[in-house]
Amino acid sequence: MSVNLNALKEYKSVDLRATVETASSHKLIAMLFDGALTALAQAKGAIERNQVEERTENLNKASDIIVGLKGSLDLEKGGEVAVNLDELYNYMIRQIVTANRDKSADKVQEVMDLILEVRSGWSSMPVEMQND
């Protein structure tokens, strides 16, 4: 059975757009975490396979997502938690730059571990706080 890859990509794209359009702010942030983790995992694999272009592309994608997460912070309303997250996101971006420069899968894994920890806290947020 032959699969039309372009049609499959378009289907996935439409599905993602529909999910984004109907998602709560809480869900959108969770999706950003997942997107960063996916890009970092792909970058780590590219480092291990010595694929420079794929490594750089995925590390840039992860960095862009983290910049987006930083942009979603409300430093006034979020208080100390938001300030700490802002600093953590800055650290993650620096580690990604270092990982790209040094071709370091360990640095990529460190950022993945940090995102997993933040994502875990985000996911365990009480439901009443998750609503817009």
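Rules used in this analysis
Residues numbered from 1 in each chain as written. Predicted model: local features only at pLDDT ≥ 70, side-chain atom pairs only at ≥ 80, totals over all residues. Heavy atoms only, no water. Helix = DSSP H or I, 4+ residues; strand = E, 2+ residues; numbered from the N terminus. Buried < 20%, exposed > 50% of the residue type's maximum accessible area, 1.4 Å probe, protein only. Contact = heavy atoms within 4.5 Å. Areas by Shrake-Rupley, 256 points an atom, 1.4 Å probe, with all protein chains shown as cover. Lys, Arg positive; Asp, Glu negative; His and termini not counted. Salt bridge = Lys/Arg side-chain N within 4 Å of Asp/Glu carboxyl O. Axes fitted to C-alpha atoms, helices over the stretch in contact; angles between N-to-C directions. Parallel < 35°, antiparallel > 145°, perpendicular 65-115°, else oblique. Left-handed = near helix turned anticlockwise from the far one by under 90°. Nonpolar A, V, L, I, M, F, W, Y, C, P; charged D, E, K, R; others polar.

Of the regular secondary structure elements, the protein holds six helices and zero strands. The N-to-C order of helical and strand elements in the protein reads α-α-α-α-α-α. Taking all 132 residues of the protein together, 31% fall into the buried category. Of all intrachain contacts in the protein linking residues separated by at least 6 positions in sequence, the fraction that spans at least 24 positions is 58%. Accessible area of the protein: about 8700 Å², with a carbon and sulfur share of 53%.

Within the secondary structure layout, arginine 55 lies in helix H3 (residues 52-71). For the buried residue arginine 55, which engages in no salt bridge, the nearest side chain bearing the opposite charge is aspartate 102, 9.4 Å off. When neighbours within four sequence positions are excluded, arginine 55 is seen to be in contact with Ala43, Ala46, Ile47, Asn100 and Lys103.

It is at 10 Å that the axes of helix H2 (residues 25-48) and helix H5 (residues 105-123) come closest, and there the two elements cross at 165°. Taken together, the axes of H2 and H5 lie roughly antiparallel to each other. In this structure, H2 crosses over H5, and the sense of that crossing is left-handed. Across the interface between the two elements, His26, Ile29, Ala30, Phe33, Asp34, Ala36, Leu37, Leu40, Ala41, Lys44, Ile47 and Glu48 from H2 touch Ala105, Val108, Gln109, Val111, Met112, Ile115, Leu116, Val118, Arg119 and Trp122 from H5. Here the contact of H2 with H5 is built from residues that sort into 16 nonpolar, two polar and four charged.

Turning to the pattern of salt bridges, a few remarks are in order. Applying the stated criterion to the full structure yields four salt bridges. Between arginine 49 and glutamate 54 there is a salt bridge, with the nearest N and O atoms lying 3.2 Å from each other. Judged by its relative accessible area of 47%, arginine 49 falls in the partly exposed class. Residue arginine 101 pairs with aspartate 102 through a salt bridge whose shortest N-O separation is 2.9 Å.

Positioned with a positive phi, asparagine 50 is a non-glycine residue whose angle comes to about 60°. Along the chain, asparagine 50 turns up in the loop between H2 and H3. With a phi angle near 55°, lysine 103 is a residue other than glycine that sits in the positive phi range. Its location among the elements puts lysine 103 in the loop between helix H4 (75-102) and H5. Look at lysine 103 and you get partly exposed, because its relative accessible area is 46%.

Fair warning: the whole summary comes from geometry, so function is off the table for now.
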